[in-house]
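Residues per chain, in single letters:
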Amino acid sequence: MISRRSFNKAVGLGTGAAAVSLTGMPSASAASRHTDTPTVPTVTPGTHTSFARLKQVRAGVLNVGYAEAGPAHGPVVICLHGWPYDIHSFVDVAPLLAAQGYRVVVPYLRGHGTTAFLSSRTVRNAQQSAVALDIIALMDALKIEQALLAGFDWGSRTADIVAALWPERVKGLVSVSGYLVTDVEAQKKPLPPAAEHTWWYQYYFSTERGRLAMEDERNRHDLCRFVWQTVSPTWQFDDATFERTAKAFQNPDYAAIVIHNYRWRLGLADGERRYDRYERLLATRPVIEAPTITLDAERDPFTPPGNGASYRDRFTGAYEHRTLNGIGHNLPQEAPTAFAQAVVDVDHF
């Protein structure tokens, strides 16, 4: 097990900086598997601004756009972004993992960037199981039998679902905010007022006014930037950083996918019957057996209290929990070394 001091050094936290707490280790035997784990070199967030390789592949109902880094025959890591973000959340993470010998695949989720539907007749559906099946289809198209999955926000939810329903495809999991499988029935119950306030855009998108805002390019751009500012209050990103990601919001299906995702979560939009069997399984809150590291961002308003306790029982395999102090919602872009180290560590459980 790497020491707290060496881990803090790895994630770029020196004396006087915010500390990263490591909690939730299940046993000494699980911890001992870290003995030979490489330490990822520290990188300053924002060091990289682009990917060397961008590709396209037909997978399921999509032509998926994705970035790739690292050796073609290395162990695979699939990094999954959230909303309102894109593949650039991993622009510093990917080269760190590639340098450790991993083949890193970073896809645009449906409705984002260069990922496009193959047919105009396909329903622009963003329910959770549909997005997860996109990743299974991508793995099949790229002939990836098994991969490490790592994500945040929509990406965490998607990775969690793949790990829960197709465990044979997942070697290990890094999930920001823990277990994010959506329980639609539970979503219908009110939250405490402060939590409801944090979710303001979810309710905005439930209105016609919100839909129109997302369909308007200027409003969409400004709304997404405002979300960045409010959910990552300590991240001092510049205009160029946001604009690189904002290009992904120009996808012609972006508004439809985003609106459907948030309305579906609240039970205000229908899914498709083809996904019913998966949603029935997810409604049981299936456990995840894959080796897992969960990451909480201390300054993310969506981080639940309890240092991971609220979802600990959903992970039954080798497990660790880490909280990154001073970090907001876009954890991999704000703390790329810590995120990459978590991927390497879970691979060595």
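Residues numbered from 1 in each chain as written. Predicted model: local features only at pLDDT ≥ 70, side-chain atom pairs only at ≥ 80, totals over all residues. Heavy atoms only, no water.

## Quick word on the overall build of the protein
Reasoning step 1: Within the protein one finds 15 helices and 10 strands.
Reasoning step 2: The contacts of the protein with a sequence gap of at least 6 include a subset with a gap of at least 24, amounting to 79%.
Reasoning step 3: When the accessible surface of the protein is totalled, it reaches about 14400 Å², and 52% of it is carbon and sulfur. (Helix = DSSP H or I, 4+ residues; strand = E, 2+ residues; numbered from the N terminus. Contact = heavy atoms within 4.5 Å. Areas by Shrake-Rupley, 256 points an atom, 1.4 Å probe, with all protein chains shown as cover.)

## Regarding empty space enclosed by the protein
Reasoning step 1: Under the criterion given, the structure shown has three cavities of 30 Å³ or more.
Reasoning step 2: Size it by volume and the largest cavity reaches roughly 70 Å³.
Reasoning step 3: As for the largest cavity, its lining consists of A126, Q127, Q128, V131, W154, R157, T158, T182, N261, W264 and R265.
Reasoning step 4: Listing elements by their share of the lining of the largest cavity, those giving two or more residues are α4 (128-141), α5 (154-165) and α12 (254-265). (1 Å grid on protein atoms, 1.4 Å probe; cavity = no way out; pocket = protein on both sides within 12 Å on 5 of 7 lines; lining within 4 Å. Points joined across faces, edges and corners; volume = space filled by probe spheres on them.)

## Let's talk about the layout of surface pockets
Reasoning step 1: The space that makes up the largest pocket amounts to roughly 1100 Å³.
Reasoning step 2: Lining the largest pocket are 33 residues, with L180, Q187, L191, W199 and F302 positioned closest to its centre.
Reasoning step 3: Among the residues forming the lining of the largest pocket, the class breakdown is 18 nonpolar, eight polar and seven charged.
Reasoning step 4: As for the second largest pocket, its lining consists of 18 residues, of which Q127, V184, W264, D276 and E279 are closest to the centre.
Reasoning step 5: Listing elements by their share of the lining of the second largest pocket, those giving two or more residues are α6 (184-187) and α13 (276-283).
Reasoning step 6: When residues in the lining of the second largest pocket are grouped by element, the largest group, four residues, is from α13.
Reasoning step 7: In terms of residue class, the lining of the second largest pocket is made up of four nonpolar, five polar and nine charged. (Nonpolar A, V, L, I, M, F, W, Y, C, P; charged D, E, K, R; others polar.)

## Here's the deal with the packing of aromatic side chains
The description of two aromatic rings rests on the distance between their centres and on the angle between their planes.
Reasoning step 1: Per the stated rule, a full pass over the model turns up 28 aromatic pairs.
Reasoning step 2: With 5.6 Å between their ring centres and 55° between their planes, F90 and F339 make a pair best called tilted. Pair noted here: F90 is in the loop between β4 (76-80) and α3 (93-99) and F339 is in helix α15 (residues 336-347), with a separation of 249 residues, a long-range link. The two residues F90 and F339 agree in class, both being buried.
Reasoning step 3: Counting every residue linked through ring pairs, the aromatic cluster contains W83, W154, W199, W200, Y201, Y204, F205, F226, Y262 and F302. (Phe/Tyr/Trp six-rings, centres within 6.5 Å; stacked < 30°, edge-to-face > 60°. Buried < 20%, exposed > 50% of the residue type's maximum accessible area, 1.4 Å probe, protein only.)

## Some words on the pairing of strand β5 (residues 103-107)
Reasoning step 1: Counting buried residues along β5, five of its five residues qualify, which places the element largely inside the surrounding structure.
Reasoning step 2: The two faces of β5 match: R103, V105 and P107 on one face and V104 and V106 on the other face are all buried.
Reasoning step 3: Across four bridges, the pairing between strand β3 (residues 62-69) and β5 is antiparallel. Bridge pairing in β5 places A67 opposite V106.
Reasoning step 4: Summarising the sheet, β4 and β5 pair through three bridges and their orientation is parallel. What sits directly across from V76, in β5, is R103.
Reasoning step 5: With α3 bridging β4 and its parallel neighbour β5, the resulting β-α-β unit is right-handed. (Pairing = 2+ DSSP bridges. Right-handed = clockwise from strand over helix to strand, strands pointing away.)

## Observations regarding the pattern of salt bridges
Where charged atoms of side chains with opposite charge meet at close range, the side chains can pair.
Reasoning step 1: In total, this model carries 15 salt bridges according to the counting rule given.
Reasoning step 2: Residue R218 is joined to D222 by a salt bridge in which the shortest nitrogen-to-oxygen separation is 2.8 Å. Here R218 and its partner D222 are both found in helix α10 (residues 217-231), four residues apart, which amounts to about one turn of the helix.
Reasoning step 3: Note on R218: relative accessible area 48%, which makes it partly exposed.
Reasoning step 4: Among the ionic pairs, D313 bridges to R314, the shortest N-O distance being 3.4 Å.
Reasoning step 5: Each of K55, E68 and R103 takes part in a single network of salt bridges with overlapping partners. (Salt bridge = Lys/Arg side-chain N within 4 Å of Asp/Glu carboxyl O.)

## Section: α15
Reasoning step 1: For α15, with 12 residues, the first-to-last C-alpha span of 17 Å sits near the 16 Å given by 1.5 Å per residue.
Reasoning step 2: Among the 12 residues in α15, 12 count as buried, and that is most of the element.
Reasoning step 3: Within α15, burial applies to P336, T337, A338, F339, A340, Q341, A342, V343, V344, D345, V346 and D347. (Expected span 1.5 Å × (residues − 1).)

## Observations concerning the environment of T241
Reasoning step 1: Note on placement: T241 falls in helix α11 (residues 239-246).
Reasoning step 2: Measuring from C-alpha to C-alpha, the distance between T241 and G46 comes to 8.1 Å, with 195 residues separating the pair along the chain.
Reasoning step 3: Not counting residues up to four positions away in its chain, the partners in contact with T241 are W228, W235 and Q333.
Reasoning step 4: A distance of 2.6 Å separates a polar atom in the side chain of T241 from a polar atom in the side chain of D238. (Polar contact = N/O pair within 3.5 Å; in protein donor to acceptor, adjacent residues only side chain to side chain.)

## Here's the deal with the nonpolar core
Reasoning step 1: Formed by 106 residues in total, the largest nonpolar core has its most connected members in W83, L97, F205, M214, L295 and F339.
Reasoning step 2: For this core, the element with the highest residue contribution is α4, accounting for eight residues.
Reasoning step 3: Among residues more than four places away in sequence, those in contact with W83 are H112, D153, W154, Y201, F205, M214, L223, C224, V227, Y254, V258 and Y262. (Core = buried A, V, L, I, M, F, W, Y, C linked by side-chain atoms within 4.5 Å.)

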